[in-house]
Amino acid sequence: MKSMPWDEDLWRQLKDATSSMPPFVRRRALKTIIEASETFAQERGSKLVQEEDLVKAAETKTPVLTRRRMLDALAEMGMRIEATEEEAK
Amino acid sequence: MKTAAPTLVSFAVTRECNLKCRHCYSQSVDSPHPRELNTAEARRLISQIAEAEARILILDGGEPLMRPDIFELVRHSQSVGLTTVMGTNGTLITAEVATKLVEAGIQALAISLDGTDAETHDTFRGVEGVWEQTLRGIENVRQADIPFQIAPTLRHGSWEQWGPIADKAKEWGATAVEVFDYIPVGRGEENPEFEMTVEERRAFVREYVARQRAEEEMVYRCVAMPQLWVEVEKTVPEDEVLTKFVRSCCAAGTRYCCVLYEGTVYPCMLLQEKAGDVREQSFVDIWQNSEVFQVLRDRDRLEGKCGRCDYRYVCGGARCRVYAKTGSLTAEDDACWFSEEELKR
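Residues numbered from 1 in each chain as written. Chains lettered and ligands numbered in written order. Predicted model: local features only at pLDDT ≥ 70, side-chain atom pairs only at ≥ 80, totals over all residues.

## Points about the overall build of chain B
Line of reasoning, step 1. Along the backbone of chain B there are 13 helices and eleven strands.
Line of reasoning, step 2. Rg of the C-alpha trace for chain B: 19 Å, near the compact-globule value of 20 Å for 345 residues, within the 12% margin.
Line of reasoning, step 3. Seen along its three principal axes, the alpha-carbon backbone of chain B occupies a region of about 55 × 45 × 40 Å.
Line of reasoning, step 4. Counting all 345 residues of chain B, 51% fall into the buried class. (Helix = DSSP H or I, 4+ residues; strand = E, 2+ residues; numbered from the N terminus. Rg over C-alpha atoms; globule rule 2.2 N^0.38 Å. Buried ≥ 20, exposed ≤ 12 C-beta atoms within 10 Å, placed from the backbone.)

Below, the structure written as structure tokens:
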């Protein structure tokens, strides 16, 4: 699913955060969020996906139906999620 | 930080049940609890669960279909935006009941089945003839096109039946098989001989992982055995983990809680430490502020091997088993079979 390097801990946090979702929901959510995170990293000129890329992708690009669940799950794994759901829409 | 909303809340709508299951966590009997929440109170609770931004409400019991206003409660749950599912023994689901469930808006059912033969199922469920009734119920659910999953309980000496049960579930068109480990709580305390050994758990986990890897359609989930995820991470290629397996960490008080028929709130149906009472506080208040939930949400408070474990955020040990055996919410789960070295990530 990845097409560029990710911070190792960050990748694990993403896997942990999504692992309790039903597989059919998770596949779509992961595809979107991974692609968006990598785009944001490239836009920053970085060759490594880092937390700010993933948080931005989660807050703005996760499919609406799974957005709240994704943000909650990432926050549970210790990420700094600041946007409210309304702001993220 | 804002408290995360519960993903799942179960509401045991009644203590009344037509079976006498050997493991019943809610000590169900043939009559309702004298202080059972009435219809208005039950509706208010369901509204509060929706206000807490829960996504899924499980109506169970006892046997939820014993409650006369159950269809009204399903309708109300739907109307406040909750995905509404029901845990049932299936024996009361006639064609007419299945139709009424559809009309009320039920979205899925979990049906308990504990054997591939009548004797195994009926002995565990405490009433002769219920295996046949359950199979008829499943057939009526299929005819009504209600999505359903099959829920067996693993027991010492007969845990291997879960595989053939899963095969039947697939044949019947179930969407999932949700396997429960036997935890000696409620009436289950009287029958500790059903608890599996650590070796049986390890054998089950190996079989579970192999089955899920080979399965393309149906999802397996496992309740009260969170170490399963450690095995998955250690033995399954990452692509398969990401696309096939569902993590079943102990969600008690973190993403899940349970409300009993008389209003007591517990972290889990299997972890019966009182977190509050919906007759005294709102559900939202209990979910956000209960001290019991605060303890369970902080995995850094876990002790012993669980506290030192790198998997504590995705496993955390079966808090229900720990509590049943020690009375502690944070002690280590001594049923974990991994060595300290294996628990480094």
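## Things to note about the environment of L113 of chain B
Residue and element names in this part refer to chain B.
Line of reasoning, step 1. Inspection of the secondary structure puts L113 in the loop between β4 (108-112) and α4 (118-125).
Line of reasoning, step 2. C-beta crowding within 10 Å serves as the criterion here: with 27 such atoms nearby, L113 is assigned to the buried category.
Line of reasoning, step 3. Separated by 111 residues in the primary sequence, L113 and A224 place their C-alpha atoms 17 Å from one another.
Line of reasoning, step 4. Residues in contact with L113, not counting those within four places in the same chain, are H121, T134, I150, P152 and I165. (Contact = placed C-beta atoms within 7 Å.)

## Brief notes about the environment of C257 of chain B
Residues and elements named next belong to chain B.
Line of reasoning, step 1. Note on placement: C257 falls in strand β9 (residues 256-259).
Line of reasoning, step 2. For C257, a count of 31 C-beta atoms within 10 Å puts it in the buried group.
Line of reasoning, step 3. For the pair C257 and M196, spaced 61 residues apart in sequence, the C-alpha to C-alpha distance is 25 Å.
Line of reasoning, step 4. With residues near it in sequence (within four places) discarded, C257 still touches P6, V9, V265, Y266, P267, C268, A275 and W287.

## Concerning the confidence of the model for chain B
Line of reasoning, step 1. Mean pLDDT over chain B works out to 95, with 99% of the residues at or above the 70 mark.
Line of reasoning, step 2. Here the predicted complex scores 0.91 on pTM and 0.79 on ipTM. (pLDDT = per-residue confidence, 0-100.)

## Details of the pairing of strand β7 (residues 176-181) of chain B
For a regular strand, side chains alternate in direction, first toward one face of the sheet and then toward the other.
Residues and elements named next belong to chain B.
Line of reasoning, step 1. Counting buried residues in β7 gives six out of six residues, a clear majority hidden from the surface.
Line of reasoning, step 2. Burial of β7 is two-sided: the residues A176, E178 and F180 facing one way and the residues V177, V179 and D181 facing the other way are all buried.
Line of reasoning, step 3. Direction of pairing for strand β6 (residues 153-154) relative to β7: parallel, over a ladder of two bridges. Residue pairing for β7: L154 is matched across the bridge by D181.
Line of reasoning, step 4. For the segment spanning β6, helix α6 (residues 162-172) and β7, crossover handedness is right-handed.
Line of reasoning, step 5. Two elements, β7 and strand β8 (residues 219-223), share five bridges in a ladder whose sense is parallel. Within β8, the residue paired with E178 across the bridge is R221. (Pairing = 2+ DSSP bridges. Right-handed = clockwise from strand over helix to strand, strands pointing away.)

## Focus on the interface of chain A and chain B
Line of reasoning, step 1. The interface is formed by 13 residues belonging to chain A together with twelve residues belonging to chain B.
Line of reasoning, step 2. Every element with two or more residues in the side of chain A that touches chain B is listed here: α1 (8-18), α2 (23-43) and α4 (64-76) of chain A.

## Thoughts on the pairing of strand β3 (residues 83-88) of chain B
Residue and element names in this part refer to chain B.
Line of reasoning, step 1. Among the six residues that make up β3, five are buried, leaving the element largely enclosed by the rest of the structure.
Line of reasoning, step 2. The pairing of strand β2 (residues 56-60) with β3 spans four bridges and is classified as parallel. Looking at β3, one finds that L57 is bridged to T84.
Line of reasoning, step 3. Since β2 and β3 lie parallel, the crossover through helix α2 (residues 70-79) that links them has a hand, and here it is right-handed.
Line of reasoning, step 4. For the handedness criterion, the β-α-β arrangement of β3, helix α3 (residues 95-104) and β4 is classed as right-handed.

## Describing unusual backbone geometry
Residues and elements named next belong to chain B.
Line of reasoning, step 1. Of note, the bond from G61 into G62 is cis; its omega dihedral lies within 30 degrees of zero at 25 degrees.
Line of reasoning, step 2. Structurally, G62 is set in the loop between β2 and α2.
Line of reasoning, step 3. Unlike most non-glycine residues, Q27 shows phi in positive territory, near 50 degrees.
Line of reasoning, step 4. Summarising the element assignment, Q27 is placed in the loop between β1 (8-12) and α1 (39-51).
Line of reasoning, step 5. On the neighbour-count criterion, Q27 (15 C-beta atoms within 10 Å) is partly exposed.
Line of reasoning, step 6. Unusually for a residue other than glycine, A224 sits at a positive phi of about 75 degrees.

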